[in-house]
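Residue-level listing of the chains:
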Amino acid sequence: MNVPEDLRYSTDHEWLRTEGDRIRVGITDYAQDALGDVVFVQLPEVDQDVEAGASIAEVESTKSVSDIYAPVSGRIVEVNAELDGAPETLNSDPYGEGWIFVLEVGGDGAADGLLDANAYRALTES
């Protein structure tokens with residue numbers, strides 16, 4: 001299982017990459033593997049304010065439908081529209097082209113309370 005050291009992780013299996021006052025979010029390698037082949041992604045609305053823990057998107061696979069949660073509070077400023085035509089990108093490149101949305105947050109440090117790579121590995125191994 002791939003767990004990049006430079007990312008933060010939620011206990012709901014989302015990854016976060018801090019980019020200044022923005023945070024790019026996707027699902028982890030562990031999550032995409034558990035889901036199986038992704039066939040549809042319902043993206044969140046741009047310009048929507050979200051609270052940490054709120055369900056804001058869905059991923060449908062051949063096995064199930066899973067909610068995607070906002071790992072931190074903020075405003076959605078971008079979504080990955082490429083997933084509309086290629087939802088399988090979540091399986092093939094979860095940490096790259098398979099990102100789902102970008103949140104604008106109130107500055108650096110918004111993801112500080114989330115898991116680092118070692119803590120996320122421990123979560124998935126238990």
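That block above? That's the structure.
Keep in mind that this is a model prediction, so the values were computed, not measured. (Residues numbered from 1 in each chain as written. Predicted model: local features only at pLDDT ≥ 70, side-chain atom pairs only at ≥ 80, totals over all residues. Heavy atoms only, no water.)

A. Up close: the sheet that holds strand E6 (residues 55–61). Ordered by their spatial adjacency, three strands build an open sheet running E4-E6-E7, and the pairing between neighbours is antiparallel. Of all the strands in the sheet, just strand E4 (38–42) and strand E7 (65–69) have a single pairing partner and so form its edges. Taken over all neighbouring pairs, the strand axes of this sheet differ in orientation by 25° on average, direction set aside. Note that E4 and E6 share four bridges and pair antiparallel. Counted as the bridge partner of Gln42 is Glu58 from E6. (Pairing = 2+ DSSP bridges. Helix = DSSP H or I, 4+ residues; strand = E, 2+ residues; numbered from the N terminus. Axes fitted to C-alpha atoms, helices over the stretch in contact; angles between N-to-C directions.)

B. Structural context of the sheet that holds strand E2 (residues 14–19). What the six strands build is an open sheet, ordered E1-E2-E3-E9-E8-E5; its pairing is antiparallel. Strand pairing shows two members of the sheet lacking a second neighbour, strand E1 (8–9) and strand E5 (49–50), which therefore form its edges. Here two bridges tie E5 to strand E8 (residues 74–79), and the two strands are oriented antiparallel to one another. In the sheet register, Val50 faces E8, and the bridge partner there is Gly74.

C. Representation of the environment of Asp37 in the model. Structurally, the position occupied by Asp37 is in the loop between helix H1 (29–35) and E4. Asp37 sits in the exposed class, given a relative accessible area of 52%. Spatially, the C-alpha atoms of Asp37 and Glu60 are 8.6 Å apart, while their sequence positions differ by 23 residues. When near neighbours in sequence (up to four residues on either side) are disregarded, Asp37 contacts Glu60, Ser61, Thr62 and Asn91. (Buried < 20%, exposed > 50% of the residue type's maximum accessible area, 1.4 Å probe, protein only. Contact = heavy atoms within 4.5 Å.)

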